[in-house]
Structures are given as structure tokens and as C-alpha cells.
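Each chain, written out:
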Amino acid sequence: MRLQGRVAVITGASRGLGREIGRLYARRGARLVLVARGEAALREVAEELSGPTEVLALAAGVGEEAEHISGAALHRFGRVDVLINNASEIGPSPMPLLEVYPWDALLRVFRINAVAPLHLAQLLLPQMKARREGVIINVTSDAGVQAYAGWGGYGASKAALEQLSRVLAAELLGSGVRLYVVDPGDMNTEMHRQAEPGVDLSQLPGPHVPAPAFVYLVEEETASFGRFEALTITGTRERGNAGTRSDDTAPVSSLGA
């Protein structure tokens, strides 16, 4: 599927990985629905990208306004070809241990990181299935497959997202809709700094490094499902579905937004 002329919904689009994906998609001619909670930052990105392409900016929270997001996207463009579920919630900062994790905060983390991506997919799948074509990419983390102390809330929510993705992909087999789970790897982003205040992240790559993987998966990959490490794709252009990082002892974990 070429991105030229397609419509892509990108959540968490005002900063970090979402912003970089939006930039690449705009350069390839995709029309964009950019979703983020921060209105000022979102407006800045929309103004930047509205030159090369058509942009609809929605200041909305995926956990509460999925119907508004999907409805506005379909009303404006008549279709959605690609859904990038990138928006994530880390929870309290610094992140607490599970034994003292606030119950209401944990529910919000699961709502945004696991339930909301599924809900958006549910809302956009009918028109994808009707055309027998579409791509859904859910951004995950190695914290969803590795046990890092202090990352329990975020990691468990990403593990839930991965299992939801596997089951949904099995149910969509033969529909023409492709579904991928992508671990972008450790990145130097504002969200990661919030997750681990005071930790030096300067040695980590910026979100522009894994972003090209999200072009590759739409335009080049053909499998109906896979779990991919973005840096494997951007570094070697080879398919990746191992689902584990090369250094399982690393103390920090990747964040999608």
C-alpha cells in the first residue's frame, strides 16, 4: 500500500514518535488526522505539515473521545486507510511499584494504552473491511514482554495491548486488513523523561530513528500480522518478529509516544 493519497490517523501526534511519523507520512503524500491532548503543540505540528499535505488536527483524548476521533476523520476524508495507535500514558511520575500503585491511575493507564487502541480499531475496521484493505499499527514496548521493576503498570498495559492485537489479528485473518505491533526501542523523548526523572537519556536515539519503520510496514510489509522491532527494520530493512530486545538486562524500557 503506497501512502500517497491515503488517509492516516496518528494518535499521540503532537510530539515524539507520533510527530516524526506524521512528518514522514506527509512527505509521502498521506493525508493526516493528527490526534493529541495538547492543543497548542498539536496546532504547531498541524501548521508545519499542512504545507505538504491535508491535515485534520483533533485535540482529543483517545481514552474518552474515540467516537469523536473516528467520526471526524471519516466525515472529513470519507475513509481511513492507516491507524497508528501511538498515544500512551505512563501513569504517575516517577512510576510507582505495583504493590503501591494507585488503583485509579492503573485503570487510566490500561484504558489509554490497551482499551482505547482496540476501541479506535473497532470504530474504523468496518470501512477497512468493506474495502478489504487497511493497516493498523499498535505501538508497544519491551516492557510488555520483559519484567522491569517499577515499570509494572505501563508494561502490563502494553502486554495487554499485544495480546489484544494477536487475537484481533487472528480474527481478521483473510479480511485484507493487516495488523502490526511495533516496539520502537529506547528513545530520548519527553515521555521517557517523565517516566524516569533524572535519568540521563542523552545517549538514546531520538524518535526520528525508528519512525521510518512505520513507512516500511505500510508500504512494503505484506504479512497479515507481526511483532516488529523498529530498529531492526530501520537498521537492516529485514523483517523482524522476534519480539525481544538484544539486551534483556537493560534497565530502561521503550516508550511509544
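Figured I'd write up the structure that's included with this text. (Residues numbered from 1 in each chain as written. Predicted model: local features only at pLDDT ≥ 70, side-chain atom pairs only at ≥ 80, totals over all residues. Heavy atoms only, no water.)

1. Observations concerning the overall build of the protein
Heads up, the condition is: Numbered from the N terminus, helices here are DSSP runs of H or I no shorter than four residues, and strands are runs of E no shorter than two. Exposure categories follow from relative accessible area, calculated using a 1.4 Å probe and restricted to protein chains: below 20% of the type maximum is buried, above 50% is exposed, and the middle band is partly exposed. Contacts: residue pairs with any heavy atoms within 4.5 Å of one another.
A tally of regular secondary structure across the protein gives 8 helices and 7 strands. Scored against the burial criterion, the 257 residues of the protein give a buried share of 58%. Sequence separation of at least 24 residues holds for 70% of the intrachain contacts in the protein that already meet a minimum separation of 6.

2. Topic: helix α5 (residues 152–172)
Since the α-helix advances by 3.6 residues per turn, residues separated by three or four positions end up pointing in the same direction. Put simply, the rule reads: Any helix carries an expected span of 1.5 Å times its number of residues minus one.
Between its first and last C-alpha atoms α5 spans 30 Å; for 21 residues at 1.5 Å apiece the expected length is 30 Å, and the two agree. Along α5, the positions that sit buried rather than exposed are Gly-152, Gly-153, Tyr-154, Gly-155, Ser-157, Lys-158, Leu-161, Glu-162, Ser-165, Leu-168, Ala-169 and Leu-172. After α5 finishes, the residue Gly-174 shows a positive phi value of roughly 90°.

3. Things to note about the side chain of Asn-138
For clarity, the cut-off: By the criterion applied in these results, polar contacts are pairs of N or O atoms within 3.5 Å in which, for protein atoms, one can donate a hydrogen and the other can accept it, and in which residues neighboring in sequence qualify only through two side-chain atoms.
Structurally, Asn-138 can be placed in strand β5 (residues 134–139). A polar atom in the side chain of Asn-138 sits 2.9 Å from the side chain of Asn-85. Those residues in contact with Asn-138 that sit more than four places away from it in its chain are Asn-85, Pro-117, Leu-161, Ser-165, Leu-179, Tyr-180, Val-181 and Val-182.

4. Some words on the pairing of strand β4 (residues 82–85)
Worth spelling out the cut-off: Pairing between strands requires that DSSP locate at least two bridges from one strand to the other.
Residues Val-82 and Ile-84 line one face of β4 and the alternating positions Leu-83 and Asn-85 line the opposite face, and both faces are buried. Strand direction decides the pairing type here: strand β1 (residues 7–11) and β4, joined by 3 bridges, are parallel. The partner of Val-9 across the bridge, within β4, is Leu-83. In the sheet, β4 pairs with β5 via 4 bridges, with the strands oriented parallel. Bridged to Ile-84 within β5 is Ile-137.

5. Notes on the packing of helix α1 (residues 16–27) against helix α7 (residues 212–219)
To keep it simple, the criterion reads: Angles shown run from 0 to 180 degrees and are taken between the N-to-C directions of axes, each axis being a line fitted to C-alpha atoms and, for helices, limited to the stretch in contact. Here roughly perpendicular refers to angles of 65 to 115 degrees, roughly parallel to angles under 35, roughly antiparallel to angles over 145, and oblique to all remaining angles. Crossings are assigned a handedness: left-handed for a near helix turned anticlockwise from the far helix by less than a right angle, right-handed for a clockwise turn.
Here α1 crosses α7 at 55°, and the two axes come no closer than 8 Å. With respect to each other, α1 and α7 are oriented oblique. Two packed elements cross with a definite hand, and for α1 against α7 that hand is right-handed. Residue-level contacts link Leu-17, Ile-21, Leu-24 and Tyr-25 of α1 to Pro-212, Phe-214, Val-215 and Val-218 of α7.

6. Regarding the packing of helix α4 (residues 103–131) against α5
Describing two packed helices takes the angle between their axes plus the distance from one axis to the other. How we decide: Ten residue types, Ala, Val, Leu, Ile, Met, Phe, Trp, Tyr, Cys and Pro, are classed as nonpolar, four, Asp, Glu, Lys and Arg, as charged, and the remainder, Gly among them, as polar.
Following both chains from N to C, one finds α4 and α5 inclined at 20°, their axes separated by 8 Å at the closest point. Between α4 and α5, the angle falls in the class roughly parallel. For α4 against α5, the interelement crossing comes out right-handed. For the pair α4 and α5, the contacting residues are Leu-106, Val-109, Phe-110, Asn-113, Ala-114, Pro-117, Leu-118, Ala-121, Leu-125 and Lys-129 in the first and Gly-153, Tyr-154, Ala-156, Ser-157, Lys-158, Ala-160, Leu-161, Leu-164, Leu-168 and Leu-172 in the second. In the contact of α4 with α5, the residues fall into 15 nonpolar, 3 polar and 2 charged.

7. Quick word on the pattern of salt bridges
Rules: Here, a salt bridge means any Lys or Arg side-chain nitrogen found within 4 Å of an Asp or Glu carboxyl oxygen.
Inspection of every chain in the model, using the stated rule, returns 18 salt bridges. The closest approach of N and O atoms between Arg-2 and Glu-220, which form a salt bridge, is 3.2 Å. Highlighted residues: Arg-2 in the segment before β1 and Glu-220 in the loop between α7 and β7 (225–229), separated in sequence by 218 residues. Note on Glu-220: relative accessible area 40%, which makes it partly exposed. Residues joined by salt bridges that share partners form a network here, namely Arg-6, Arg-79, Asp-81, Arg-131 and Glu-133.

8. Notes on the packing of aromatic side chains
Threshold: Aromatic rings from Phe, Tyr and Trp, taking only the six-membered ring of Trp, are treated as a pair when their centres fall within 6.5 Å; an angle between ring planes under 30 degrees marks them as stacked, one over 60 as edge-to-face, and anything in between as tilted.
One pass over the structure, following the stated rule, counts 2 aromatic pairs. On the basis of an interplanar angle of 75° and a centroid distance of 5.9 Å, the ring pair of Trp-151 and Tyr-154 is categorised as edge-to-face. In terms of burial, Trp-151 and Tyr-154 fall into one category: buried. Relative to Phe-228, the ring of Tyr-180 has its centre 5.4 Å away and its plane inclined at 85°; by these criteria the two rings are edge-to-face. Within this pair, whereas Tyr-180 is found in strand β6 (residues 177–183), its partner Phe-228 is found in strand β7, the two being separated by 48 residues in sequence.

9. Quick look at the nonpolar core
We apply this condition: Here, nonpolar core refers to any group of buried Ala, Val, Leu, Ile, Met, Phe, Trp, Tyr and Cys residues whose side-chain atoms link them within 4.5 Å.
Counting 36 residues, the largest nonpolar core has Tyr-25, Leu-32, Leu-34, Val-82, Ile-137 and Phe-214 as the members making the most contacts within it. With 6 residues, α7 is the single largest residue contributor to this core. Beyond its immediate chain neighbours, meaning those up to four positions away, Tyr-25 contacts Leu-3, Ala-8, Ile-10, Ala-30, Leu-32, Val-82, Ile-84, Phe-214, Val-215 and Val-218. With 30 residues, the next largest nonpolar core counts Leu-58, Ala-72, Ile-112 and Leu-124 among its residues.

10. Let's talk about the sheet that holds strand β2 (residues 31–36)
Taken together, 7 strands build an open sheet; the order of strands is β3-β2-β1-β4-β5-β6-β7 and the sheet is parallel. Of all strands in the sheet, those bounded by a partner on one side alone are β3 (55–59) and β7. Between one strand axis and the next, the sheet turns by 15° as a mean value, whatever way the strands run. As paired strands, β5 and β6 are joined by 6 bridges and run parallel to one another. Opposite Ile-137, over in β6, you have Tyr-180 as the bridge partner.

Keep in mind these values describe shape, not function.
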